[in-house]
Amino acid sequence: MQIHRGRLIDHIQLVVADIAAAKRFYTAVFGVLEIPLGGEAADHVWFDELFISTASSPAAAGQLTGRVHLAFQATSRDVVDRFYAAGLEAGGRDNGKPGERSYHPGYYGAFLLDPEGNNIEAVYHGPAKASARSVVFEF
């Protein structure tokens, strides 16, 4: 088994009312970002560091999560544009069309509301050299 992790977050859990809608939305946007479905059961799905479950899942405390903002890295402006289109097609709602933002020079992002109302972003920070794409753990 092999998993990839970044440097700050090990995993995030969203607890949703409609697991089928969440799976449809995240499968679409993560397909564009080249992040595969890691696994699923009737009460949950997961993609890399993001775990999504129903409130009745043993992994949840019986409560839906409140609105959160999650930003995912994109490898180009084109990927941000395709993320936005795929998310709209899969039931997301516009929360900021693709474009440059004033956060720093080269910041190009798009924002969608997922089926639960979470603010989901794809961002390309412009040309840069990463020291590594991810940290790889092998078991």
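Residues numbered from 1 in each chain as written. Predicted model: local features only at pLDDT ≥ 70, side-chain atom pairs only at ≥ 80, totals over all residues. Heavy atoms only, no water.

Colleague: Help me understand the sheet that holds strand S5 (residues 50–54), please; the structure alone is not making it clear to me.
Modeller: Whenever strands of a sheet pair, they do so through backbone hydrogen bonds, lying parallel or antiparallel. Taken in spatial order, the 4 strands of this open sheet run S2-S5-S4-S3, and their pairing is mixed. In this open sheet, the two edge strands, each paired with only one partner strand, are strand S2 (12–16) and strand S3 (39–41). Each strand axis lies, on average, 15° off the axis of its neighbour in the sheet, ignoring direction. Pairing between S2 and S5: 5 bridges, direction parallel. By the bridge assignment, Val16 is partnered in S5 with Thr54. (Pairing = 2+ DSSP bridges. Helix = DSSP H or I, 4+ residues; strand = E, 2+ residues; numbered from the N terminus. Axes fitted to C-alpha atoms, helices over the stretch in contact; angles between N-to-C directions.)

Colleague: Whenever I open this one, the pattern of salt bridges confuses me. Can you help?
Modeller: When the charged atoms of two side chains lie near each other, side chains of opposite charge can form a pair. Scanning the entire structure with this criterion turns up 4 salt bridges. One salt bridge connects Lys23 with Glu40, and the closest N-O pair in it is separated by 2.7 Å. With a gap of 17 residues between them, Lys23 in helix H1 (residues 19–32) and Glu40 in strand S3 connect regions that are remote in the sequence. One salt bridge in this structure joins Asp78 and Arg82, with 2.9 Å as the shortest N-O distance. In this pair, Asp78 and Arg82 are both assigned in helix H2 (residues 77–89), 4 residues apart and thus about one turn of the helix distant. For Asp78, a relative accessible area of 44% puts it in the partly exposed group. A residue is classified by how much of its surface remains accessible, and Arg82, at 39% relative accessible area, is partly exposed. (Salt bridge = Lys/Arg side-chain N within 4 Å of Asp/Glu carboxyl O. Buried < 20%, exposed > 50% of the residue type's maximum accessible area, 1.4 Å probe, protein only.)

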